[in-house]
Amino acid sequence: MQGQLYIDGQFAKGGAAPFAVYNPYNLSQIGTQQAAAEDDVKRAINVAEQAFKALKTTTAFARADALETLYQAMIQAESILAETMTIEQGKPLKEAIGEVRYAASYVKWYAQEAGRVQGDILASNHPKSRLHVYREPVGPVALITPWNFPLAMFVRKLAPAFAAGCSVIVKPASQTPFSAVKFFELINQIPLLKASCQLLSGDAKVIGELLIDDMRIRKLSFTGSSAVGVKLAAKSAATLKRVSLELGGHAPLIVFADANLDKAVKGTIISKFRNCGQACIASNRIYVHHKIKADFVAKLKAAVAAIKAGNGLDNVDIGPIIDEAAYGKLALQVDDALAKGASLLAGGQGYRTLSGSGGYIYPATVLDDVDENMQVATEETFGPILPLLTFNDDDEVIKRANATPYGLAAYAYTENLSRATYAIENLEYGMVGINTGVLGTAQAPFGGVKMSGYGREGGKYGIDEYLQIKYANIGI
Ligand code: ADP
C-alpha cells in the first residue's frame, strides 16, 4: 500500500521522505507512507483555520448527517478497514472487526449528540439586560494517537470534535498510518467532512511541535505514553491550548473472596489478553484473595492454555508484539520477576516468527508469587504477561491497588454489593469495572486521573472537551 497525507480535501504527497510500514507478524514491508514536511503542516493549519470558519456556517444537523453517512460507510468498509489494521498492527482479525465497530459506534453516538449541544439563559438582575450562555466549538484541533488501536483512538476524538463544529488534524502513529489512510478514503466521499478533516503523518516531533506551537490550533487531544503526554502538555502551556490526555495505566484487578470465579477468570482473560495486552486499560496486577487463590489459579491455567498466539490473519487469540523494544521489555520484566522470587505458571518464552524476517510472538504468560518489588507490578507491561499477587483483607488490597502513579482503569470481582461499592468509592481510578473486564463504550466517559491524564472521551462528556463557554450580557 502507498499511503498519502490528506490536506485541503485531497490526498497529497508530503515534502519529507516517505517511510516504510511493516507487518509486525513477520516484519515484511507492507508499503510506504508519505511524510509531512514543515510546509505541509503549515498548509494544513491554514486550511484548518479556514475550515473552522466555514464550519461555523453549518448547523449541528448538517454535521450530524455527515457523521451518520460516515458511520454507514465505516460499516460497509468494515472488512477492508479491519484487514488493513491487522496487517499493520498485528491484532487478530476478529478484534480488528470489533475495533472498527467500536470506532463506528462513536461516530453514530456523536451524530446524535451534535444536536444536543445547548446553552443557557440566566435570570437577570436588571430588567433591561439579558444573560445568555453559549457553548461554542473551541476551534481547530490537533489529535495525536498511538499504534495499539490504530482506528478507534483517533475516531473517538474526531467524531465529537467535528460534531461540536471543530476542524480537525489527525496525526496517527508511524507504525500504523494505513488504517487512518483507509478511513480518510471514506472521509473523501463526504463533502462536509472532507473539507474539515486532515491527515498528517511523519516525524512526530516536527509535526507535533508545529501543531502545538501554533496559536490557531486551540486544542490538543493526545493518547499515548505518560512521558510524551507530560511533555506535550508543558509545550501546550505556551499557547494556553486546551489539552486532553489519555495516557498510560497500571490497572489492578481484584478478585475478592466472595467472587464468582468463572466470571473473574473470564474478565481477567479479556482485560489482560485483548490486543495481546497492548492496551492502557489492560489489567496489570491481578490481586487474588488467599482463600480462593488455588481454585482461581486452576481455572485460570485452563483458560490460558487455550490461548493461541500467531498471525492475526489466522484464527488466533493474540497476535505479535508491535516491535523489538516492546518485546525486549517483556523479557526483562519476566527475568526480573523470576530473579526476585516469582514462579512461572505458563508461557514465559517469546520467539521470532519463521516467515519473512521474523516478528515477535510472546505467548500468554502467567507469573505467580509476584510482589510490588518487581518491575512487572509497577511498570506498564504492554504485553501478555499476567502477574498474580495475593492479599488477605479488603483495606490492604485497595491500598496496594492505589499505590501507583497511574489512575486509568481498575477492576474488581465480588458478589457483595457493599464490597463492590467500597471498591468503586475507594479505587483512585477514572474507570472501575465490577464483575466485568470490559469498559469502553460510546456513551460512557473514558479517561483517567493522576498520571493517566485528564479529559474524557465518550458520551455527553466527550463533546464538552471540544466546546468552550461564551457569556453575553445583552442590554436592551
Ligand atoms: P507509544 O508508546 O504508544 O508509542 P507515544 O507516546 O510514544 O506512545 O506515542 C503516541 C503518539 O505520540 C504517536 O502518534 C507518536 O508518534 C506521537 N509522539 C511521540 N513523541 C512525540 C513528540 N515528542 N511530539 C509529538 N508527538 C509525539
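Please refer to the structure placed before this passage.
Novice: How would you summarise the overall build of the chain if you had to cite specific residues and measurements?
Specialist: Tallying secondary structure elements over the chain gives 15 helices and 23 strands in all. In terms of C-alpha radius of gyration, the chain reaches 23 Å, essentially the compact-globule figure of 23 Å for 476 residues. Dimensions along the principal axes, computed over C-alpha positions, put the chain at roughly 75 × 60 × 40 Å. Looking at the chain residue by residue over its 476 residues, the buried ones come to 57%. Relative to all contacts within the chain whose residues are 6 or more apart in sequence, the contacts with residues 24 or more apart total 73%. Approximately 18800 Å² of the chain is accessible, and the part contributed by carbon and sulfur atoms is 55%. Charge-centre separation for the chain: the mean point of 47 positive side chains lies 6 Å from the mean point of 46 negative side chains.

Novice: Now, about the environment of Asp-369: what can you tell me, with residues and values included?
Specialist: For Asp-369, the position within the fold is in the loop between β18 (365-368) and β19 (385-391). In sequence terms Asp-369 and Leu-388 are 19 residues apart; their C-alpha atoms lie 6.3 Å from each other. The residues contacting Asp-369, other than those within four sequence positions of it, are Gly-341, Ala-342, Ser-343, Met-374 and Leu-388. Looking at Asp-369, its side chain comes within polar contact range of the side chain of Ser-343, at 2.8 Å.

Novice: Go over the nonpolar core, please, and point to the residues and values.
Specialist: Counting 65 residues, the largest nonpolar core has Ile-254, Val-255, Ile-281, Phe-296, Leu-300 and Leu-388 as the members making the most contacts within it. Look past the residues within four positions of Phe-296 in its chain and what remains in contact with it is Val-255, Leu-261, Ala-264, Val-265, Thr-268, Ile-286, Val-288 and Leu-388.

Calculation criteria
Residues numbered from 1 in each chain as written. Predicted model: local features only at pLDDT ≥ 70, side-chain atom pairs only at ≥ 80, totals over all residues. Heavy atoms only, no water. Helix = DSSP H or I, 4+ residues; strand = E, 2+ residues; numbered from the N terminus. Rg over C-alpha atoms; globule rule 2.2 N^0.38 Å. Buried < 20%, exposed > 50% of the residue type's maximum accessible area, 1.4 Å probe, protein only. Contact = heavy atoms within 4.5 Å. Areas by Shrake-Rupley, 256 points an atom, 1.4 Å probe, with all protein chains shown as cover. Lys, Arg positive; Asp, Glu negative; His and termini not counted. Charge placed at Lys NZ, Arg CZ, Asp CG, Glu CD. Polar contact = N/O pair within 3.5 Å; in protein donor to acceptor, adjacent residues only side chain to side chain. Core = buried A, V, L, I, M, F, W, Y, C linked by side-chain atoms within 4.5 Å.

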